[in-house]
Each structure stands twice: as C-alpha cells, then as structure tokens.
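A structural walkthrough
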Amino acid sequence: MAHPSALDTLIELANKETDEAAKRLGATLRAGEDADQKLDLLTQYRDDYAARCQSNLASGISTTHFNNFQIFMQKLDHAIAGQQKVVSDAQLQIAQARSVWQACEQKKMSYVTLAGRASKESARRELWLDQKQNDEHAARTALYKRNPS
C-alpha cells in the first residue's frame, strides 16, 4: 500500500473538522428547537391565563385579584421577551454554525477535487510510461529481427 500523500492527510483532517462542525451545527439546531418550544409554551400559557382572567373579569373579581393578574401578566410578558431574545440568539448561532460547516465542507471538497486531479495525472503519466516502454520494446524487437547478429 502506498504511503498517504499530503493531500490524503489534509482530506482526513478536513473530514474530522467537517464532522465536528456538523456536530456543533446539530447541537445548535437542537438548542434552537428547544428555545422555540419554550417560547411557544410561554406564549400559550400567557394566552390561556389571559383568557381565564377575561372570563373571571366577566363574572367579577376584586381589585386585588385584578392587580395580581396585571402583575403576573407583566412577568409573563417579560419572560416571553427574554425567551424571544434566546430564540434570536439561537438563530444567530445556527447561522454561524451552518456557515462554519459549509466552509469546512467546501474545503474538504477542494482537497478531494485536488486529490482526484492528482490521481488522474498520475494514471495518465503511468499510462504514458507504459506506452513509452512498449514502444521502446517494440523498436528493440524490430531492430533485433532486422539485425539478428
């Protein structure tokens, strides 16, 4: 077996780098999905709580209960705003991780392309050498047949 070339080593390293970038992208995608789910849960809880309060308002509630409702709604709104920031940050991290993965993949494919070209050139050169040897052998054989001394 031939010794690995520098390109083979670069391809191997690029494969590892691409795999790591893909793992990081997967982790950021999962984190983004988790953040989205938490935001959806908070929003749904806020909507449910507001609907419940509306129905209580229709039947009449005390000022204290209404004030508590308003305070709690503000806390929920604050939590939702915070979670929206988390979702936004997660989307940014996903975009960055995707960009890194794409760059790694592009670099790996460049090395693979170069290795393919080198392999084709090596095969072409080997074929040329074989043809040259065959031509020389044929020339010697023809010369020997003409001059059998």
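Before going into details, it helps to say that this report is about the structure given with it.

How each quantity is defined
Residues numbered from 1 in each chain as written. Predicted model: local features only at pLDDT ≥ 70, side-chain atom pairs only at ≥ 80, totals over all residues. Heavy atoms only, no water. Phe/Tyr/Trp six-rings, centres within 6.5 Å; stacked < 30°, edge-to-face > 60°. Helix = DSSP H or I, 4+ residues; strand = E, 2+ residues; numbered from the N terminus. Buried < 20%, exposed > 50% of the residue type's maximum accessible area, 1.4 Å probe, protein only. Core = buried A, V, L, I, M, F, W, Y, C linked by side-chain atoms within 4.5 Å. Contact = heavy atoms within 4.5 Å. Expected span 1.5 Å × (residues − 1). Salt bridge = Lys/Arg side-chain N within 4 Å of Asp/Glu carboxyl O.

1. Re the packing of aromatic side chains
Enumeration according to the criterion identifies five aromatic pairs in this entry. Their ring planes at 20° and their centres at 6.3 Å tell us that Y45 and Y49 sit as a pair that is stacked. Taken as a pair, Y45 and Y49 lie in helix α1 (residues 6-59) at a separation of four residues, close to a single helical turn. Its relative accessible area of 19% is what places Y49 among the buried residues. Look at F66 and F69: their rings are 6.3 Å apart centre to centre, the planes differ by 35°, and that puts the pair in the tilted class. Separated by three residues within a single helix, F66 and F69 lie in helix α2 (residues 63-146), roughly one turn from each other. Members of the aromatic cluster, joined through ring pairs, are Y45, Y49, F66, F69 and F72.

2. Let's talk about the environment of A79
Locating A79 in the fold gives a position in helix α2. As a C-alpha pair, A79 and L39 span 40 residues in sequence and 8.9 Å in three-dimensional space.

3. What about the nonpolar core?
In terms of nonpolar packing, the biggest core is built from five residues, these being Y49, C53, F69, M73 and L76. For this core, the secondary structure elements donating two or more residues are α1 and α2. Of all the elements, α2 adds the most residues to this core, at three residues. Once residues within four sequence positions are removed from consideration, L76 is found in contact with L42, Y45, R46 and Y49.

4. Remarks on the side chain of K108
Summarising the element assignment, K108 is placed in helix α2. With residues near it in sequence (within four places) discarded, K108 still touches A14, N15 and T18.

5. Here's the deal with α2
With 84 residues, α2 extends 123 Å from end C-alpha to end C-alpha; this agrees with the ideal 124 Å at 1.5 Å per step. For α2, the set of buried residues is F69, M73, L76, I80, Q83, V87, A90, I94, A97, C104, K108 and A115. Along its buried surface, α2 packs onto α1.

6. Regarding the pattern of salt bridges
Counted under the stated rule, the structure contains eight salt bridges. The salt bridge partner of E12 is K16, with a shortest N-O separation of 3.6 Å. Residue E12 and its partner K16 are both found in helix α1; the two are separated by four residues, about one turn of the helix. Notably, a salt bridge pairs E121 with R124, separated by 2.5 Å at the nearest N-O pair. Of the two residues, E121 and R124 are both situated in helix α2; the distance of three residues between them amounts to about one turn of the helix. The partly exposed category is assigned to E121, whose relative accessible area is 31%.

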